[in-house]
Amino acid sequence: MIREFRKDDLSIVMQIWLDVNIQTHSFISKKYWTDNYEMVKEMLPQAELYVYEDEKTNQVQGFIGLTGDYIAGIFVREQARSQGIGKQLLNYVKDIKSSLSLSVYQKNTRAICFYQREHFVMQSQNMDADTNEKEFVMAWSR
């Protein structure tokens, strides 16, 4: 089930955010993510957030964060990946937005393949000044 973020989701959403970033971005130091944890924790509730909650366990398994039409990220717990949760979250926001954009690290090939499969196209590339990693800007529109 996908629903809007609630304040009491913050601790689990932040744990998912930290775990997923460390797992999927092994090319960036763990310290980068832990150093940014508190800042993200303050900013996250200001974004447009939707969580995927398992209907049987009532546990949050993933979430998507948006700022306007920009996808700040899709995060799914490691044990819940490859079950269509990311696709469901993405389809949910595709139903309410006519266009979307995002940035993805070049080295995160799994995510790039996912977005390409979901009809996102490369728009440009740049360097993330904070991590010194190359990233692609991708976009989708109805």
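Residues numbered from 1 in each chain as written. Predicted model: local features only at pLDDT ≥ 70, side-chain atom pairs only at ≥ 80, totals over all residues. Heavy atoms only, no water.

**Quick notes on the environment of E135**
Tracing the backbone through its elements, the reader meets E135 in strand β7 (residues 133-141). When its relative accessible area of 14% is taken as the criterion, E135 is described as buried. The spatial distance from the C-alpha of E135 to the C-alpha of N108 is 9.0 Å, given a sequence separation of 27 residues. For E135, the residues in contact, after removing those within four places along its chain, are S103, V104, Y105, Q106, S124, Q125, N126 and D128. (Helix = DSSP H or I, 4+ residues; strand = E, 2+ residues; numbered from the N terminus. Buried < 20%, exposed > 50% of the residue type's maximum accessible area, 1.4 Å probe, protein only. Contact = heavy atoms within 4.5 Å.)

**A word on the packing of aromatic side chains**
Taken as a whole, this structure holds eight aromatic pairs when the rule is applied. On the basis of an interplanar angle of 20 degrees and a centroid distance of 4.9 Å, the ring pair of F63 and F75 is categorised as stacked. Within this pair, whereas F63 is found in strand β3 (residues 60-67), its partner F75 is found in strand β4 (residues 70-76), the two being separated by twelve residues in sequence. What makes F63 buried here is its relative accessible area of 1%. With 5.2 Å between their ring centres and 65 degrees between their planes, F114 and Y115 make a pair best called edge-to-face. No difference in accessibility class separates F114 from Y115, as the two residues are buried. (Phe/Tyr/Trp six-rings, centres within 6.5 Å; stacked < 30°, edge-to-face > 60°.)

**What to know about the nonpolar core**
Membership of the largest hydrophobic core comes to 23 residues, with the highest contact counts inside it found for I71, I74, L90, L100, Y115 and F120. Every residue in contact with F120, bar those within four places of it in the chain, is listed here: I71, L90, K94, L100, L102, Y115, M138, A139 and W140. Residues F5, V13, L44 and L49 belong to the second largest nonpolar core, which totals 20 residues. (Core = buried A, V, L, I, M, F, W, Y, C linked by side-chain atoms within 4.5 Å.)

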